[in-house]
Amino acid sequence: MPAWNLPTARHLLRRTGFGATRVAAQALLDSHATLGAAIDALLEFKPSKFKPGGRYVEDIHNKWLKYMIKTRQPLQERLVLFWHDHFATSYDKVGQVDLMALQNRLLRVNCKGDFKALVKAINKDAAMMEFLDTVRNRRNQPNENYARELEELFTLGVKDPLGNDNYDQEDIVQIARAFSGWDYGNKGAAEFNDGQHDYAADYPERGPKRIFKVRGGFGNAAGQDFTSAGEGAQEIDTVIDIIFQHRYGPGLRNTVADYIARRLITYFAFSDPSASFVESVADASSFAGTWDIAALLKQIFLHDDFYLTAAPPSAVTKKSVKWPIDYVVTTVRLLDMKLKGKYQATQGGDYRDARSALINMGQSLFEPPSVFGWDWELAWLSSSTLLARYGFARDISNSRNGGATSLRPERLMDLSLTDPVAIVAAVADILGVDDQLSAGERTALINYLTDGSGVGPVNLLDDNTRFEKLHGLFAVVLQSPAYQLQ
């Protein structure tokens, strides 16, 4: 377990929320005697039942964005974002705003609870039933879309960590039979249509309802019978119970536990974690059995490897690229600003609404590009998406109307500072990267502030200097490589 100190506290806040100032990290350090106690405090939130409202997808996008900017439970929203990507569902196909909003609330309420219960709830979620065609899965013409993604993306992964297939096509075919007959009614409530369900007696040519005859470490060539609790509506729960018993490797490790542990580590820490990292947190949390997401998260946040990304960027430091939504929300929160109105627009530069800016950065809430969700890490960065980030940095730093939607440095720092070194340090501290900048980057920022001379004084009390140089310095730091990473 890492030492409980200011760098540890700051890294913990960075990765579990939206940015981390030195002041916030010090407060966390001062209020908790140990790292474990601090993690417990971050995880003790009671999930809210917030549901973004509105008639159009733009409305619920902006309501959720505004909620993330204002929330006092940033870890909750980081988790909702993760599950939104993990159970990727897009309005482009669902076509019903309220169903997308209801799914958002479902993910929020269950974001840190029982993972098996969450999967069972997703089984019956109206937006998911539309997106992956459960509503079109009928006894005479089974649809395999949900059955496939349930295994491939939501619970097992295509292959286990040793490279072996986790399921066969026959498993998909049989699981699809369990989900036949499901639909939803008024207000998105799940409904089971017995007349559209595939009963074994009606289709003897399809064989017995059994899965994992070959895969999963069950050791039973006859397979696992998912009608053991009877045929009908209960089959979809029995299927999940069986999937969650899937094992791999000589030690028969639980496949679901290790798969979800790896996914959460990749999201909160870095890509391609070691097998020992994955297995140790899954085992320490007893995730296989309890399925307690919060317990798994605690073990991830306690692990030494979680803090490998805390050091400044280098060839040997593992880093993650901020998601576009993370970039926007973190920036607005750290600058203690608001975006304006229904469209959550910046009040400077191009006065662009946040959704348009995010689309240009490569991410629009409620509209992941496919069932695989968004591509992470370097896929976030291209010439066009970086320009969009830089444009947002320009717009936010040029917001100067004097109200809550403007950048007000006087609320964030001491404007009597005249030493360019101290000014750069203050701005970098506000934006949470003072411990991430290289010496060369710091020198470049000082040179920007002083028109290349490297020496002061710089008079921030002068309006022109403040608007041109100080606001510009905020923009340059927001555009820096260090600020794109965490």
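Residues numbered from 1 in each chain as written. Predicted model: local features only at pLDDT ≥ 70, side-chain atom pairs only at ≥ 80, totals over all residues. Heavy atoms only, no water.

A.B. asks: Looking at this structure, I do not really get the nonpolar core. What am I missing?
C.D. replies: What tends to happen in soluble globular proteins is that the nonpolar side chains get buried as a cluster. Of all hydrophobic cores here, the largest spans 145 residues; its most connected members are W83, F87, F115, L150 and M413. No other element matches the 9 residues that helix α13 (residues 255-268) contributes to this core. Structurally, this core is a two-domain feature, drawing no fewer than three residues from each of domain 1 (1-35) and domain 2 (324-484). The residues touching F115, leaving out its near neighbours within four places in the chain, are W83, H86, F87, F154, F244, V256, I260, F287, W291 and I293. (Core = buried A, V, L, I, M, F, W, Y, C linked by side-chain atoms within 4.5 Å. Buried < 20%, exposed > 50% of the residue type's maximum accessible area, 1.4 Å probe, protein only. Helix = DSSP H or I, 4+ residues; strand = E, 2+ residues; numbered from the N terminus. Domains from an automatic or database assignment. Contact = heavy atoms within 4.5 Å.)

A.B. asks: Can you walk me through the packing of aromatic side chains in this structure?
C.D. replies: One pass over the structure, following the stated rule, counts 27 aromatic pairs. Centre to centre, the rings of F115 and F244 are 5.6 Å apart; their planes meet at 35°, and the pair counts as tilted. On the criterion of sequence distance, the pair formed by F115 in helix α8 (residues 115-123) and F244 in the loop between α12 (235-243) and β5 (247-248) is long-range, its members being 129 residues apart. Residue F115 shares its accessibility class with F244, and that shared class is buried. Lying across the ring of Y203, R206 places its NZ or CZ 3.7 Å from the centre. (Phe/Tyr/Trp six-rings, centres within 6.5 Å; stacked < 30°, edge-to-face > 60°. Lys NZ or Arg CZ within 6 Å of the ring centre and 35° of its normal.)

A.B. asks: Explain the side chain of R177 to me, please; I cannot follow it from the model alone.
C.D. replies: Mapped onto the fold, R177 is located in helix α11 (residues 169-178). A polar contact is formed between the side chain of R177 and the backbone oxygen of R206, at a distance of 3.4 Å. Contact partners of R177, with chain neighbours within four places excluded, come to H197, D198, A200, Y203, R206, G207, P208 and K209. (Polar contact = N/O pair within 3.5 Å; in protein donor to acceptor, adjacent residues only side chain to side chain.)

A.B. asks: Teacher, can you tell me more about a positive patch on the surface here?
C.D. replies: On the surface, K63, K66, K70 and K338 cluster together into a patch of positive charge. Mapped onto the fold, K338 is located in the loop between α17 (324-334) and α18 (354-361). (Patch = residues over 30% accessible without salt bridge, like charges linked within 9 Å, V, L, I, M, F, W, Y side chains within 5 Å. Areas by Shrake-Rupley, 256 points an atom, 1.4 Å probe, with all protein chains shown as cover. Salt bridge = Lys/Arg side-chain N within 4 Å of Asp/Glu carboxyl O. Lys, Arg positive; Asp, Glu negative; His and termini not counted. Charge placed at Lys NZ, Arg CZ, Asp CG, Glu CD.)

A.B. asks: Explain the pattern of salt bridges to me, please; I cannot follow it from the model alone.
C.D. replies: The tally for this structure, following the rule as stated, stands at 36 salt bridges. For the salt bridge of D283 with R253, the shortest nitrogen-to-oxygen distance reads 3.0 Å. Residue D283 is located in helix α14 (residues 275-284), and its partner R253 is located in strand β6 (residues 253-254); the two are separated by 30 residues in the primary sequence. A relative accessible area of 19% places R253 in the buried class. A salt bridge links D463 to R466; its shortest N-O distance comes to 2.7 Å.

A.B. asks: How do you make sense of the packing of helix α21 (residues 439-449) against helix α22 (residues 463-479) when you look at a structure like this?
C.D. replies: For the pair α21 and α22, interaxial distance at closest approach is 10 Å and the crossing angle is 155°. For the element pair α21 / α22, the angle class is roughly antiparallel. Handedness of the α21/α22 crossing: right-handed. Together, L445, Y448 and L449 of α21 and E468, K469, G472, L473, V476 and V477 of α22 make up the contact between the two elements. In the contact of α21 with α22, the residues fall into 6 nonpolar, 1 polar and 2 charged. (Axes fitted to C-alpha atoms, helices over the stretch in contact; angles between N-to-C directions. Parallel < 35°, antiparallel > 145°, perpendicular 65-115°, else oblique. Left-handed = near helix turned anticlockwise from the far one by under 90°. Nonpolar A, V, L, I, M, F, W, Y, C, P; charged D, E, K, R; others polar.)

A.B. asks: Explain the domain arrangement of the protein chain here, please?
C.D. replies: A common way to express how large an interface is: the accessible area buried when the components associate. Segmenting the protein chain into domains produces domain 1 (1-35) and domain 2 (324-484). Taking only C-alpha atoms, the centre of domain 1 and the centre of domain 2 are 23 Å apart. In this assembly, 8 residues from domain 1 lie in contact with 11 residues from domain 2. Together domain 1 and domain 2 conceal approximately 750 Å² of surface at their shared face, both sides included; 46% is due to carbon and sulfur atoms. Summed over the three residues of domain 1 that lose the most area to domain 2, namely R10, R14 and F18, the buried surface amounts to 62% of that side. On the surface where domain 1 and domain 2 come into contact, there are 5 salt bridges. Residues R14 and D435 are paired through a salt bridge, measuring 2.5 Å at the closest nitrogen-oxygen approach. Our count for the contact surface shared by domain 1 and domain 2 stands at 6 residue pairs in polar contact (both at pLDDT 80 or more). Taken together, the residues of the side of domain 1 that touches domain 2 break down into 2 nonpolar, 3 polar and 3 charged. (Buried area = accessible area lost by both parts, 1.4 Å probe.)

A.B. asks: Hey, could you run me through α21 in this one?
C.D. replies: Turn by turn, an α-helix covers 3.6 residues, leaving residues three or four places apart pointing in a common direction. Here α21 has its buried residues at L445, I446 and L449. For α21, the angular spread of buried residues about the axis comes to 100°, placing them on one side. At the exit of α21 stands D451, carrying a positive phi of roughly 55°. (Arc of directions from axis to C-beta.)

A.B. asks: Help me understand α18, please; the structure alone is not making it clear to me.
C.D. replies: If you check which residues of α18 are buried, you get A354, R355, A357, L358 and M361. Buried residues of α18, seen end-on, are gathered within an arc of 160° and therefore sit on one face of the element. Buried-residue contacts for α18 involve α4 (57-70), α17 and α19 (383-397). In the segment just after α18, G362 is the residue with positive phi, at about 110°.

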